[in-house]
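Fold and geometry: a report
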Amino acid sequence: TAVRDAETRGRNAATGLSILCNQQFVENRVYEEEPEEPAEKGSVEPDESEEALRARWGAALKTGLGALRQKVFFDENGDPDGDDADDVYNSRPLPFVIGTPQFLASDG
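Notes on the structure follow. (Residues numbered from 1 in each chain as written. Predicted model: local features only at pLDDT ≥ 70, side-chain atom pairs only at ≥ 80, totals over all residues. Heavy atoms only, no water.)

Moving on, we come to the overall build of the protein. Check the secondary structure of the protein and you find 3 helices and 0 strands. Carbon and sulfur atoms form 54% of the exposed surface of the protein, whose accessible area is close to 10,800 Å². (Helix = DSSP H or I, 4+ residues; strand = E, 2+ residues; numbered from the N terminus. Areas by Shrake-Rupley, 256 points an atom, 1.4 Å probe, with all protein chains shown as cover.)

Now the structure itself:
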């Protein structure tokens, strides 16, 4: 019933916005931005040295490898491939439905 209540509140909000849109003019503007000058290919920003660039790429590589360690690979039969698979996503509980009292009471 909590999911049904959340769905009802969501539909009521959408209906309220639709009524407001039909009763009141909502102005949408699109501003043209000045085109940016394209940077030369292969050039390094003047304030970024090669050492800083290497540090950024190293940090990005470490982040990517950490993400790959959390990925679980499966074989042809659908079984997890490897014993050291660190599956952090299936060990967490599912979040509460947005708008339910449990969601509002949670600190996340």
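Moving on, there is more to tell.
Summed over the entire model, instances satisfying the criterion amount to 2 salt bridges. With a closest N to O distance of 2.9 Å, Arg11 and Glu7 form a salt bridge. On the criterion of helical spacing, the pair formed by Arg11 and Glu7 is a turn pair, its members being 4 residues apart in helix 1 (residues 2-23). Since its relative accessible area comes to 55%, Arg11 is described here as exposed. A salt bridge links Arg54 to Glu50, with the nearest nitrogen and oxygen atoms 3.0 Å apart. One end of the pair, Arg54, and the other, Glu50, are both in helix 2 (residues 50-70), 4 residues apart, so they sit about a helical turn from each other. Each of the two residues, Arg54 as well as Glu50, counts as exposed. (Salt bridge = Lys/Arg side-chain N within 4 Å of Asp/Glu carboxyl O. Buried < 20%, exposed > 50% of the residue type's maximum accessible area, 1.4 Å probe, protein only.)

This brings us to the side chain of Thr100. Inspection of the secondary structure puts Thr100 in the loop between helix 2 and helix 3 (101-105). For Thr100, a relative accessible area of 2% corresponds to the buried category. Within the structure, Thr100 has its side chain in polar contact with the backbone oxygen of Val97 (distance 2.7 Å). Once residues lying within four places of it in the same chain are set aside, the contact partners of Thr100 are Ala2, Ala6 and Arg9. (Polar contact = N/O pair within 3.5 Å; in protein donor to acceptor, adjacent residues only side chain to side chain. Contact = heavy atoms within 4.5 Å.)

Attention now moves to a nonpolar patch on the surface. On the surface, Leu61, Leu65, Leu68 and Phe73 cluster together to form a nonpolar patch covering roughly 410 Å² of accessible area. Assignment of secondary structure puts Leu68 in helix 2. (Patch = residues over 30% accessible without salt bridge, like charges linked within 9 Å, V, L, I, M, F, W, Y side chains within 5 Å.)

If you check helix 2, its first and last C-alpha atoms are 31 Å apart, about what 21 residues at 1.5 Å a residue would give, namely 30 Å. When you tally the buried positions in helix 2, you get 0 out of 21 residues, a small fraction of the element. (Expected span 1.5 Å × (residues − 1).)

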